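Residues per chain are reported as follows:
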Amino acid sequence: MNHFDEMTGLLYLEQQLDASHAQEVRVHVAGCGECRNLLRALELEGVWLRQSLEADDESVPARLVQAPERGSTPWGWLSALGLSAGGAYTMWSGFVEPWRAQAAQSGFTQGNILTMLFFSGAFWKGWDAMRSLTEFLAVATLGVLVIWLLRRHLRRVTAVAVVMGAVLAALAFAPAGQAADVKHGNPSYTLAVGDVVKTDLIVSADTTMIDGDVDGDLIAFSRSVTVNGHIKGDVIAFSQELRVNGQVDGNVRAFVQVMQLNSTVARNVMAWVGDVSLDQTAKVGGTMTLFAGDAELNGAIAGDLLAFLGNIQINGSLGRNALIHAGHLSIGPKAEIQGQTKFEGRQQPEIAATAKLGSPIDVTIVKHRSDKSYSSPRFYWHEVLLWGASFIFGLAMLLVMPGFFFDAAGACKRTMPAIGFGALFLIALPILAVVICITIVGIGVGIAALMFWIVAIYAAQVIVGTWLGDRLLGAAVGMGSALGRMALGLLILRVIGVVPYLGVWFSSLVVCLGLGAIVLAIYRNMRPQLTQAAAI
Amino acid sequence: MSAAELADVLAQVRAGDSDAWGELYRQYAPAIFRFCRRALPTREDAEDATTEIFMKVRQKLGTYDSSRPFTAWLYKVASNHCWDLLRRRRIRQDLETGDLETLPLEHPDPDQLEQLQLKHDSKHVRAGLAKMPDRARMALVLRYYSDMSYDEIADTLGVRRAFVGVLLLRARHQLREILAEGSGGMRSATAGGKP
């Protein structure tokens, strides 16, 4: 017999060889000093390893002396997290919400869905009666979410949580207690003529009528908001209708279905709105930014006009430039635009002969998506860019949540269940989000669910692409190989996706499969104990 | 704690006796912490894992088959939990697996191997373990600390039984190289014997 190798020696020492093979080794060792030495060294190494591992050279931490009690409640934690949740809720409603409208200009295009959610009539009915319950449930839900997210780190970040909780609580309650007058309609709210609110005024009501004056901001959550008085701060409205007949010294920021401006707004107007009209007597001192369905602008705008909308009629004056993306632009006979006008749309604008324009309109006619030309290099360049974007998104996913990423990609193996769950998720989550918004938890959770839904739909292609790459090239290990497989898979998905007719169905299938895989991976990650139980 | 006492304590824990639970915990928590300390890369991970393991133990005590040794079941729960934690850090695991598959194995020189063992005490070995890839470290701990069989190791790590020996041998090589690197001569310390 030749010298045996190290593997055989180890298996012999660990009694893992079958009897005949072990006997061969035994006989060989008896006559081979070299192999005997190797065997002895390996045996000593095993003993050395055991002794080294068994050596008790580290104390047991004191906090492990006490047995963990199931169901015991760390009240300090609950308090801290409760305060944090309250702070988070206030941060959301006080800071995030108002700025979300601005974020919409950066390309978020879910405006119609959100508008529908916020401003459907059913949502506002009974709002006032439900407000307290809704707020409470929203806070409670956020608290539960935070606890769940931190469940593995509770002890390590206790001090941080207490401090952060206190800070957020300070953020949450100080402004509410000192700097704003909060009013609840019953069901309507009216600030009478002659009455003055010296601070910010926050109103939630079915109908809000502001006939008096407000020295600070007016923030209104209401089905209908009418402002006849003088607002010295901003008007921020979340409503179905907004009519501004009184002077506003600050900005108007609206998230409404119908908006009418009939007075002077000293600063800027920004609106995410279905229909907007600027009366011929109205004046806007700054910039007007619109994200709207239809707009009729007959008043005066001192600054720029930035508009993304369906149809727009301009028959007023504009002090500076206009940048308009619209289906249709009509410039009436009384219009006067002093700066440059850029228009992007699907058809040529209608311009009255008597309209006064500072310079010729720069018109760009945008082709409809169905007009895409497969023979155009630009089309393929566009597809390459989309592929690159999805790859970068996948890379970010891989770096941020590698475990989940691979779990989801692996879940694609269960093709039929994944497609089924994906289709269910695709349909059910938006409905659930609407229900949450209207009846149960609150806007924040509903919107978050919708955001997650949108991100998950986009992520679906990345998950399926990675799985497809694995299927084609075979399973591999390491980040580099995962990225390579993802790139190949995404490329294939995109190529098939642009095939006429077939591509649409294929892409739908990919979305369902990817969404289902994500759902399965989430389910798996939320129930690690099931895996554990199965393994025992 | 004798077998009869343990059985009694387990029965009381199942019946919801918190004192019995405390006793069981005090008896076994230090050992499980030591296991976790060897299986996981950091002390913080080990502390957290120990607590989580005992929470699981309490939840799953109903599934424990009293005809089997309790400590074996406990270590099985602990090893599964630790491996699950490590598995979730998938990127690292995958990279390690890649390293493992391509690692060239050279026969050790028995003399130099013995020298290496003489040079390094348990603290060095433990420090070396912390630098090892998760799966390799886990394999060594399961085999040489928990004294698990090849079948149990294969089951815990989710590999074929025939691969366990390869895993252990490669883990030993990795540990040797880490220790040899620490003492200034990787190849010369361990490799160079027979082809």
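Note that this is a predicted model, so its numbers are computed, not measured. (Residues numbered from 1 in each chain as written. Chains lettered and ligands numbered in written order. Predicted model: local features only at pLDDT ≥ 70, side-chain atom pairs only at ≥ 80, totals over all residues.)

1. Examining the overall build of chain A
Phase 1: When its secondary structure is counted, chain A shows 15 helices and 21 strands.
Phase 2: Within chain A, the proportion of its 536 residues that are buried is 36%.
Phase 3: Nonlocal contacts in chain A, meaning residues at least 24 apart in sequence, comprise 35% of its contacts between residues at least 6 apart. (Helix = DSSP H or I, 4+ residues; strand = E, 2+ residues; numbered from the N terminus. Buried ≥ 20, exposed ≤ 12 C-beta atoms within 10 Å, placed from the backbone. Contact = placed C-beta atoms within 7 Å.)

2. Describing the overall build of chain B
Phase 1: When helices and strands are counted, chain B shows 11 helices and 0 strands.
Phase 2: Listing the helices and strands of chain B from first to last along the sequence gives α-α-α-α-α-α-α-α-α-α-α.
Phase 3: The burial tally for chain B puts 43% of its 195 residues in the buried class.

3. A look at helix 9 (residues 150-157) of chain B
It helps to recall that an α-helix has 3.6 residues per turn; residues three or four apart then point in one direction.
Residue and element names in this part refer to chain B.
Phase 1: Buried residues of helix 9: Y150, I153, T156 and L157, and no others. All buried residues of helix 9 lie within an arc of 130° about the axis, which places them on one face of the element.
Phase 2: Structurally, helix 9 contributes buried residues whose contacts are with helix 4 (70-88), helix 8 (134-144) and helix 10 (161-182).
Phase 3: After helix 9 finishes, the residue G158 shows a positive phi value of roughly 70°. (Arc of directions from axis to C-beta.)

4. Side note on the nonpolar core
Generally speaking, a soluble globular protein has its nonpolar side chains buried in company with each other.
Phase 1: One finds A237, A271 and L290 of chain A to be the most contacted residues of the largest nonpolar core, which totals 63 residues.
Phase 2: Sequence-distant contacts of A237 of chain A, defined by excluding residues within four places in its chain, comprise A220, V225, L242, A254, F255 and V256 of chain A.
Phase 3: L17 and L49 of chain A together with C36 and L116 of chain B belong to the second-largest nonpolar core, a separate cluster that totals 61 residues. (Core = buried A, V, L, I, M, F, W, Y, C linked by C-beta atoms within 7 Å.)

5. Quick notes on the environment of A307 of chain A
Residues and elements named next belong to chain A.
Phase 1: With respect to the element layout, A307 can be found in strand 14 (residues 305-314).
Phase 2: Distance in space between the C-alpha atoms of A307 and I324 is 4.8 Å, their sequence separation being 17 residues.
Phase 3: Excluding residues that lie within four positions of it along the chain, A307 makes contacts with L290, A295, I312, I324 and A326.

6. Side note on the pairing of strand 10 (residues 269-278) of chain A
Residue and element names in this part refer to chain A.
Phase 1: Across the 10 residues of strand 10, 9 count as buried, placing the element largely inside the fold.
Phase 2: Here strand 8 (residues 252-261) runs beside strand 10; their pairing, made up of 9 bridges, is parallel. By the bridge assignment, V258 is partnered in strand 10 with D275.
Phase 3: Here strand 10 runs beside strand 12 (residues 288-297); their pairing, made up of 9 bridges, is parallel. (Pairing = 2+ DSSP bridges.)

7. A short note on the confidence of the model for chain A
All names here are of chain A.
Phase 1: Here chain A averages 76 in pLDDT, while 71% of its residues score no lower than 70.
Phase 2: Low pLDDT, under 50, characterises residues 70-74; the predicted model gives this stretch 3 contacts beyond four residues in sequence or across chains.
Phase 3: This stretch, residues 104-138, has a pLDDT under 50; its non-local contacts, to residues over four places away or in other chains, come to 50 contacts. (pLDDT = per-residue confidence, 0-100.)

8. Side note on the packing of helix 7 (residues 122-131) of chain B against helix 10 of chain B
Residue and element names in this part refer to chain B.
Phase 1: Packing of helix 7 against helix 10 brings their axes to within 9 Å, and their N-to-C directions diverge by 115°. Classified by the interaxial angle, the pair formed by helix 7 and helix 10 is roughly perpendicular. Of the two possible hands of crossing, helix 7 and helix 10 adopt the one that is right-handed. Between helix 7, through H124, G128, L129 and K131, and helix 10, the contact on the second element is made entirely by L175, I178 and L179.
Phase 2: Across the contact of helix 7 with helix 10, the residue classes tally to 4 nonpolar, 2 polar and 1 charged. (Axes fitted to C-alpha atoms, helices over the stretch in contact; angles between N-to-C directions. Parallel < 35°, antiparallel > 145°, perpendicular 65-115°, else oblique. Left-handed = near helix turned anticlockwise from the far one by under 90°. Nonpolar A, V, L, I, M, F, W, Y, C, P; charged D, E, K, R; others polar.)

9. Focus on the packing of helix 3 (residues 33-54) of chain A against helix 6 (residues 110-119) of chain B
Phase 1: Packing of helix 3 of chain A against helix 6 of chain B brings their axes to within 9 Å, and their N-to-C directions diverge by 15°. The angle between helix 3 of chain A and helix 6 of chain B places the two elements in the roughly parallel class. Judged by the twist between their axes, the crossing of helix 3 of chain A over helix 6 of chain B is left-handed. The residues of helix 6 of chain B that touch helix 3 of chain A, namely those facing N37, L38, R40, A41, L44, E45 and W48 of chain A, are P110, L113, E114 and Q117 of chain B.
Phase 2: Residues of the contact of helix 3 of chain A with helix 6 of chain B, tallied by class, amount to 6 nonpolar, 2 polar and 3 charged.

10. Overview of the environment of G516 of chain A
All names here are of chain A.
Phase 1: On the secondary structure map, G516 appears in helix 14 (residues 502-526).
Phase 2: Since 29 C-beta atoms lie within 10 Å of it, G516 is described here as buried.
Phase 3: Measuring from C-alpha to C-alpha, the distance between G516 and I419 comes to 5.5 Å, with 97 residues separating the pair along the chain.
Phase 4: Residues contacting G516, with those up to four places away along its chain left out, are P417, A418, I419, G420, F421, G422 and F425.

11. Brief notes about the confidence of the model for chain B
Do not read the predicted coordinates in detail wherever pLDDT is low.
All names here are of chain B.
Phase 1: Predicted confidence across chain B gives a mean pLDDT of 78, with 84% of residues reaching 70 or more.
Phase 2: Per-element mean pLDDT across chain B ranges from 43 in helix 11 (residues 186-190) up to 89 in helix 8.
Phase 3: For residues 91-101, every residue scores under 50 in pLDDT, and the model assigns this stretch 23 contacts once sequence neighbours within four places are set aside.
Phase 4: Under a pLDDT of 50 for its full length, residues 185-195 has, in the predicted model, 27 contacts with residues more than four places off or in other chains.
Phase 5: Both scores are given for the predicted complex: the pTM is 0.39, the ipTM 0.79.

12. Details of the sheet that holds strand 20 (residues 356-357) of chain A
Residue and element names in this part refer to chain A.
Phase 1: One open sheet accounts for 6 strands, arranged 9-11-13-15-17-20; its pairing is parallel. Every other strand in the sheet has two partners, leaving strand 9 (264-265) and strand 20 as the edge strands with one partner each.
Phase 2: In this sheet, strand 15 (residues 317-318) lies alongside strand 13 (residues 300-301) in parallel orientation, the contact comprising 2 bridges. Directly across from I301, in strand 15, lies its bridge partner L318.

13. Looking at the pairing of strand 7 (residues 235-244) of chain A
All names here are of chain A.
Phase 1: Counting buried residues along strand 7, 9 of its 10 residues qualify, which places the element largely inside the surrounding structure.
Phase 2: Bridge count for strand 6 (residues 218-227) against strand 7 is 9 bridges, and the pairing is parallel. Paired with S222 across the bridge in strand 7 is S239.
Phase 3: In the sheet, strand 7 pairs with strand 8 via 9 bridges, with the strands oriented parallel.

14. A few points about helix 10 of chain B
Phase 1: Over its 22 residues, helix 10 of chain B extends 32 Å from the first C-alpha to the last, a length consistent with the 32 Å expected when each residue adds 1.5 Å.
Phase 2: Within the span of helix 10 of chain B, buried status applies to V164, L167, L168, R170, A171, R172, H173, Q174, L175, R176, L179 and A180 of chain B. (Expected span 1.5 Å × (residues − 1).)

15. Side note on the environment of S204 of chain A
Residues and elements named next belong to chain A.
Phase 1: Looking at the element boundaries, S204 is found in strand 4 (residues 200-210).
Phase 2: By C-beta crowding, S204 is classed as partly exposed, having 19 other C-beta atoms within 10 Å.
Phase 3: Sequence separation between S204 and S239 is 35 residues; the distance between their C-alpha atoms is 9.9 Å.

16. A closer look at unusual backbone geometry
Phase 1: Non-glycine residue Y501 of chain A carries a positive phi angle of around 65°.
Phase 2: In this fold, Y501 of chain A is placed in the loop between helix 13 (479-497) and helix 14.
Phase 3: Residues other than glycine seldom take positive phi values, yet D147 of chain B does so here, at roughly 60°.
Phase 4: Within the fold, D147 of chain B resides in the loop between helix 8 and helix 9.

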